[in-house]
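Listed below are the residues making up each chain.
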There are 2 protein chains.
Amino acid sequence: MIRKVAIIGLGLLGGSIGLAIREHAAGISTAGYDSDAGVRDAAKARGLVANVCETADEAVRAADLVILCVPVGAMEEAARSFADALPGGAIVSDVGSSKQSVGNALAAALPGRTIIPAHPVAGTEQSGPEAGFSSLFTNRWCILTPGADADPHAVEAVSAFWTKLGANVEIMDAEHHDLVLAVTSHIPHLIAFTIVGTASDLEEVTRSEVIKYSAGGFRDFTRIAASDPVMWRDVFLSNKSAVLEMLGRFSEDLTALQRAIRSGDGDTLHDLFSRTRAIRRQVIEEGQDDDRPDFGREDHS
Amino acid sequence: MIRKVAIIGLGLLGGSIGLAIREHAAGISTAGYDSDAGVRDAAKARGLVANVCETADEAVRAADLVILCVPVGAMEEAARSFADALPGGAIVSDVGSSKQSVGNALAAALPGRTIIPAHPVAGTEQSGPEAGFSSLFTNRWCILTPGADADPHAVEAVSAFWTKLGANVEIMDAEHHDLVLAVTSHIPHLIAFTIVGTASDLEEVTRSEVIKYSAGGFRDFTRIAASDPVMWRDVFLSNKSAVLEMLGRFSEDLTALQRAIRSGDGDTLHDLFSRTRAIRRQVIEEGQDDDRPDFGREDHS
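Residues numbered from 1 in each chain as written. Chains lettered and ligands numbered in written order. Predicted model: local features only at pLDDT ≥ 70, side-chain atom pairs only at ≥ 80, totals over all residues. Heavy atoms only, no water.

With that settled, consider the sheet that holds strand β4 (residues 65-68) of chain B. Residue and element names in this part refer to chain B. Ordered in space as β3-β2-β1-β4-β5-β6, the 6 strands form an open sheet in which the pairing is parallel. On the outer flanks of this sheet lie β3 (51-52) and β6 (114-115), each paired with one strand and no other. Pairing between β4 and strand β5 (residues 91-94): 4 bridges, direction parallel. Note that in β5 the partner of Leu-65 across the bridge is Ile-91. Together, β1 (4-8), β2 (29-33) and β4 form the strand contacts of helix α1 (residues 12-24), whose direction differs from that of β1 by roughly 160 degrees. The strands that helix α6 (residues 152-164) touches are β1, β4, β5 and β6; relative to β5, the one it contacts most, it runs at about 50 degrees. (Pairing = 2+ DSSP bridges. Helix = DSSP H or I, 4+ residues; strand = E, 2+ residues; numbered from the N terminus. Contact = heavy atoms within 4.5 Å. Axes fitted to C-alpha atoms, helices over the stretch in contact; angles between N-to-C directions.)

In structure tokens:
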């Protein structure tokens, strides 16, 4: 059903989609556009899409599916930029990490058009046209959040597309998506950004000490806190209410642990730490992470 | 100078020390003891030390260096258990993550003996006699916190020992150590335990959803939150004041970010996220982590 895909934004996600199509769906032709000329050059050099265009209008020409791969705060403007050139039957989708705001933005920019918002739950801390790779979506979940009145054929086409790229597809209400992702992605990132900031601002402990002794756990947080600043700024601002709600729960729980430490209540600590260990086992059993100790950093032979 | 090392506690750290000696310091003989008979059997099967003993007294016999590798809350009792059998000139050390409390505990258990507390900043989320490996300390820092009146020859001997095992040695005041590690290790673990607990207790989001969509960042926290519950309970209780101090700073910073999100202050978010990205680069430049995206989980070829 989908014969030509246009990718708007050729960073980690856009580039990975292009490479995954080339590897897993060779029958689909690809065109792409990025507003940054340097990114377009890099995309050409790596062959992220078959045709790197000089305008968004040119990229969406004859496309069956247009996928917006820009920060969520830039979705509306990007969609408006090619609105007039969008073919009649084309489906518009995206890869944004918050879905209510993106759904609204795309509906505003493209009234009356077929919009199927999507969120492949995959990524790394790197960004830009050099960062993508074809297996990014393999065995990862891609969540679609079509509106209640969405065309079922379009939902099916986008679903089949992501399945072909190696992902497992789930369909969900946008509001529920935003709550789930607030806890599994947005709050973890916010916490990581915060602790890395806190550690680098201390007077009693130098930044060089923080870096030197980061193998005690801190370095894992620096990886997450190295994620793209613009993308994450937009996520927090666009998923504000779910993020603030989940942050409130986290803060309550942290305060309870603080009290347990202050009062020397070892049982409360031990009970929680035993429960969290069990969650880790489930994550591995469900295939959402592998069990190499310490992320396989060391040679364990 | 050190010809025989006794290791008390044969889990991840104790086992790794035994294996590292075998690989990097073949001239040193090893004996070990663990209060758990099952651990002793596993230690024999893996050859973690040359001689797995049935009592701590037997293990410390003729030792030049005794290293306590038990949870910090168990240090004092473990040290008392072999106090009468400890050879006259032996140095006693440990691998505990908090150093003021351990220094006090060992001084109380072994009055008048030579005590050089140590903390190799290395580990994985796994524990037990099967978890150790010989390269755990390679290019990691080992912090010694000798008291002001410690014998310099003993400090030098312990320092040379850890250098031989592949570590870089730093000497530090115990109080400063506890502050540095609170921020680079203890608070990151506390935060990870908390968010994994928060996520698994929600009513609006099921535990199966949390696990399913954990690749958005949450899974990294589950790894850290899979660390040994007893070890970590003891760390938080024994380094209480530094942990509570650093937790206070973190909470303040988190509240400031919460306010920025609520008020839509994107610049504050973007500024912080750009700074934290720079810290990540320093961690990699200093050799405290490698730069494989996403911990090298995916095949990027």
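Now that the structure has been shown, the text picks up again.
Each copy superposes on the other: chain B lies on chain A with an RMSD of 0.0 Å after a rotation of 180 degrees and an axial shift of 0.0 Å. The two molecules are tied by a two-fold rotation axis, judged by turn and shift. Residue Phe295(B), judged by its C-alpha, is the member of chain B lying nearest the rotation axis, at 2.9 Å. Taken as a fraction of all interface residues of chain B, those also at the interface in chain A reach 99%, which identifies the copy contact as same-surface. (Least-squares fit on C-alpha atoms with pLDDT ≥ 70 in both.)

We now examine the nonpolar core. Ranked by internal contacts, the top residues of the largest apolar core, which has 88 residues, are Ile191(A), Phe221(A), Phe236(A), Phe250(A), Phe221(B), Phe236(B) and Phe250(B). Non-local contacts of Phe250(B), meaning those with residues more than four positions away in its chain, are made with Ile191(A), Thr194(A), Ile195(A), Thr198(A), Phe250(A), Leu254(A) and Ile191(B). (Core = buried A, V, L, I, M, F, W, Y, C linked by side-chain atoms within 4.5 Å. Buried < 20%, exposed > 50% of the residue type's maximum accessible area, 1.4 Å probe, protein only.)

The next point concerns the packing of helix α7 (residues 174-200) of chain A against helix α10 (residues 229-238) of chain A. Residue and element names in this part refer to chain A. The N-to-C vectors of α7 and α10 enclose an angle of 120 degrees; their axes lie 11 Å apart at closest approach. Our classification of the angle between α7 and α10 gives oblique. For the pair α7 and α10, the crossing hand works out as left-handed. The segment α7 lies against α10, with Ser-185, His-186, His-189, Leu-190 and Phe-193 engaging Trp-232, Val-235 and Phe-236. (Parallel < 35°, antiparallel > 145°, perpendicular 65-115°, else oblique. Left-handed = near helix turned anticlockwise from the far one by under 90°.)

On the side of chain A, 110 residues touch chain B, which itself brings 110 residues to the contact. Together, the buried faces of chain B and chain A total about 10,500 Å²; carbon and sulfur atoms form 65% of this surface. Counting across the chain B and chain A interface gives 12 salt bridges. Inspection of the region where chain B meets chain A yields 36 residue pairs in polar contact (both at pLDDT 80 or more). Secondary structure elements with two or more residues in the side of chain B that touches chain A: β8 (141-144), α7 (174-200), α8 (207-212), α9 (218-224), α10 (229-238), α11 (240-263) and α12 (266-285) of chain B. With 20 residues, the single largest contributor to the side of chain B that touches chain A is α7(B). Class assignment of the residues belonging to the side of chain B that touches chain A gives a composition of 49 nonpolar, 30 polar and 31 charged. (Buried area = accessible area lost by both parts, 1.4 Å probe. Salt bridge = Lys/Arg side-chain N within 4 Å of Asp/Glu carboxyl O. Polar contact = N/O pair within 3.5 Å; in protein donor to acceptor, adjacent residues only side chain to side chain. Nonpolar A, V, L, I, M, F, W, Y, C, P; charged D, E, K, R; others polar.)

Turning next to the UniProt feature "domain: Prephenate/arogenate dehydrogenase" (unreviewed entry) in chain A. Look at the UniProt record and you will see "domain: Prephenate/arogenate dehydrogenase" (unreviewed entry) annotated at residues 3-291 of chain A. Here residues 3-291 of chain A runs as 53% helix and 11% strand, with 39 Å between its end C-alpha atoms. (UniProt positions renumbered as here; feature names shortened; annotations may be inferred.)

Whenever strands of a sheet pair, they do so through backbone hydrogen bonds, lying parallel or antiparallel. All names here are of chain B. Spatial ordering of the open sheet is given by β7-β8-β9, a layout of 3 strands whose pairing is mixed. Bordering the open sheet on either side are β7 (118-120) and β9 (168-171), each of which pairs with just one other strand. Taking each pair of neighbouring strands and ignoring which way they run, the sheet shows an average axis angle of 20 degrees. Inspection of the sheet shows β8 paired to β9 by 4 bridges, in the parallel sense. Note on β9: the bridge partner recorded for Cys-142 is Val-169.

All names here are of chain B. Of all the 5 residues making up β2, 4 are buried; the element is thus mostly covered by neighbouring parts of the structure. Pairing of β1 with β2, which is carried by 5 bridges, proceeds in the parallel orientation. Directly across from Lys-4, in β2, lies its bridge partner Ser-29. In this view, the connection linking β1 to its parallel neighbour β2 by way of α1 has right-handed handedness. (Right-handed = clockwise from strand over helix to strand, strands pointing away.)

Following the sequence through the fold, His119(B) ends up in strand β7. Sequence-distant contacts of His119(B), defined by excluding residues within four places in its chain, comprise Val95(B), Gly96(B), Ser97(B), Lys99(B), Trp141(B), Cys142(B), Ile143(B), His177(B) and Leu181(B).

All right, on to unusual backbone geometry then. Residue Asn139(A) is not a glycine yet carries a positive backbone phi of 60 degrees. Along the polypeptide, Asn139(A) turns up in the loop between β7 (118-120) and β8 (141-144).

This model, assessed by the stated rule, comprises 15 aromatic pairs over all chains. Both rings, one in Phe161(B) and one in Trp162(B), keep their centres 5.7 Å apart while their planes meet at 80 degrees; by these two values the pair is edge-to-face. Comparing Phe161(B) with Trp162(B), the two get one shared label, buried. Each member of the aromatic cluster is reached from another via a ring pair, and the members are Phe193(A), Trp232(A), Phe236(A) and Phe273(B). Positioned over the ring face of Trp141(B) is Lys212(A), at 4.2 Å from the centre of the ring. (Phe/Tyr/Trp six-rings, centres within 6.5 Å; stacked < 30°, edge-to-face > 60°. Lys NZ or Arg CZ within 6 Å of the ring centre and 35° of its normal.)

Here we take up the environment of Ala131(B). Mapped onto the secondary structure, Ala131(B) falls in the loop between β7 and β8. Aside from chain neighbours lying at most four places away, what touches Ala131(B) is Leu12(B), Arg46(B) and Gln126(B).

Right, let's talk about the domain arrangement of chain A for a bit. Accessible area lost upon the coming together of the parts is a frequently used measure of interface size. Residues and elements named next belong to chain A. Examined at the domain level, chain A breaks down into domain 1 (4-172) and domain 2 (176-288). Between the C-alpha centres of domain 1 and domain 2 the distance comes to 30 Å. With 19 residues of domain 1 at the contact, the number on the domain 2 side is 18 residues. Surface buried jointly by domain 1 and domain 2 totals about 1,500 Å² across both partners, of which 56% is contributed by carbon and sulfur atoms. It is Ser-97, Glu-125 and Met-172 in domain 1 that bury the most area against domain 2; as a group they hold 36% of the surface buried on that side. One salt bridge in this structure joins Glu-125 and Arg-223, with 2.5 Å as the shortest N-O distance. (Domains from an automatic or database assignment.)

Turning next to α6(B). Residue and element names in this part refer to chain B. Taking 1.5 Å as the rise per residue, α6 with 13 residues should run 18 Å; its terminal C-alpha atoms sit 18 Å apart, in good agreement. Listing the buried residues of α6 in full gives Ala-154, Val-155, Ala-157, Val-158, Ser-159, Phe-161 and Trp-162. Sitting at the head of α6, Asp-151 places a side-chain oxygen 2.9 Å from the backbone nitrogen of His-153. Just past α6, the residue Gly-166 takes up positive phi, approximately 105 degrees. (Expected span 1.5 Å × (residues − 1).)

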